[in-house]
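Reading the structure
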Amino acid sequence: MAVIKDGFMQTDVPLKTLTTWNVGGISKQFFAPTSVEQITKILPQLLKNNDICYILGGGSNVLISDEAINEPLIYTPQMNNFEVIRTQHDMTYIRVDAGCNVAKIRRFAYNNSLTGLEFLTGIPGTVGGALWGNAGAAGKDLSQVLIRLQVILKNGEIVTVENSDMKWSYRKSPFIDSDVSAITNAVIALKETHIDEIKEKTLIFAKLKHGQPMARKTAGCVFKNPEGDSAGRLLDISGCKGMKYGGAVVSEAHANFIENSNNATSLDIYKLCEKCRKRVYEEHGVELEYEIRMFGKFQ
Ligand code: EPU
């Protein structure tokens, strides 16, 4: 893995090891801020001269092209602090950096009998990434515990936004296709409860992950569920399980997961995704929408 020490620019950093699919080329302008202060200095500067600045969190929901990424890329997992800023009655307010791993904050909540994050059980990635894609399970997501967050706009401005002013929907945050470039940190509120309740909920969410290829190199579900249906079910009945392209294969365990089973390139994965999308469209007339994000060029 590349040596990532500070917020200063590094070049030719391999991105492969920073993604759960274990694919991707090198970054020509790589920044790994270690604090919110650093990102709020670096990113506005970069945005002055670049139309695109990629933000990479845990790399668990992203497909990065094999070719070099020439645009600046900010890797957030080194800005990963969180702190309790206030407790009031049975509520605990926590400020958390965007690069903080969701498992770290979930564990803190669990250990302190705070409920609201059990749905993160088995979900990888960072708080920023989870907010950006509105990650969730069984109707639960971070927007339900979010109070406010700080973002950097594409014009470089740093703004605090209250959750009451945001509109969230299934796997869609208010930031996608907006004037926001990055989320830097967030304040969430968790409620104190009996540990048994948290244990029970954690178990329920863990069970939802059974049948998913957790130990394989994947990026979670590739496609969003179409309204009223499951992308996995549609892919399955369209005969996609086991379909291959190069080193990529559609998981036999769950058809909405693509595994890097044998040194796949990101182009292999992309081609296989498109093959699956085409198959579902031909068989069922449904156009699946990507849940994963793509960095770089694929066409
Ligand atoms: N199904 C099949 N074949 C498959 C996969 C699923 O027939 O290959 C059927 C299942 O039997 C079930 C239905 O489809 O009847 C739904 O499947 P599942 O319970 O696995 O849930 P899902 O809708 O495929 C969603 C989320 C997952 C989340 C689970 C559990 C999306 C796109 N996926 O999956 O989230 O873990 O519910 O809450 O919303 C992710 O977003 O990356 C992700 C993994």
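What this report covers is the structure whose coordinates are included nearby. Source: prediction; values computed, not measured. (Residues numbered from 1 in each chain as written. Predicted model: local features only at pLDDT ≥ 70, side-chain atom pairs only at ≥ 80, totals over all residues. Heavy atoms only, no water.)

Overview of the nonpolar core
What counts is decided by this rule: By nonpolar core is meant a set of buried Ala, Val, Leu, Ile, Met, Phe, Trp, Tyr and Cys residues that side-chain atoms within 4.5 Å join together. Only protein chains enter the accessibility calculation, which uses a 1.4 Å probe. A residue is then buried if its area is under 20% of the maximum for its type, exposed if over 50%, and partly exposed in between. A helix here means a DSSP run of H or I that spans at least four residues, while a strand means a run of E at least two residues long, and both kinds are numbered starting from the N terminus. Contacts: residue pairs with any heavy atoms within 4.5 Å of one another.
Ranked by internal contacts, the top residues of the largest apolar core, which has 31 residues, are L117, L131, L142 and L149. Contributions of two or more residues to this core are made by β7 (91-97), α2 (102-111), α3 (127-132), β11 (146-153) and β13 (180-192). No other element matches β13, which puts five residues into this core. In this structure, L131 is in contact with L142, L146, L149, W168, S173, I183 and A186, ignoring residues within four places of it in sequence. Within the second largest apolar cluster, 26 residues are counted, among which are A219, I258, L272 and L288.

Section: the environment of T20
Here T20 shows up in the loop between β1 (13-14) and β2 (26-31). Assessed through its relative accessible area of 29%, T20 is described here as partly exposed. Placed 197 residues apart in sequence, T20 and K217 show a C-alpha to C-alpha distance of 5.8 Å.

Examining α2
Operational definition: What the arc covers is the set of directions going from the helix axis to the C-beta atoms. Between N or O atoms, a polar contact is any pair within 3.5 Å; within protein, one atom must be a potential hydrogen donor and the other a potential acceptor, and residues adjacent in sequence are included only when both atoms are from side chains.
Of all the positions in α2, only V102, I105, R106 and A109 are classed as buried. Seen from one end, α2 has its buried residues packed into an arc of 100°, which puts them on one side. Buried residues in α2 make contact with β6 (82-88), β7, β8 (114-115), α3, β13 and α4 (195-208). The distance from a side-chain oxygen at the start of α2 to the backbone nitrogen of A103 is 2.9 Å, and the residue carrying that oxygen is N101.

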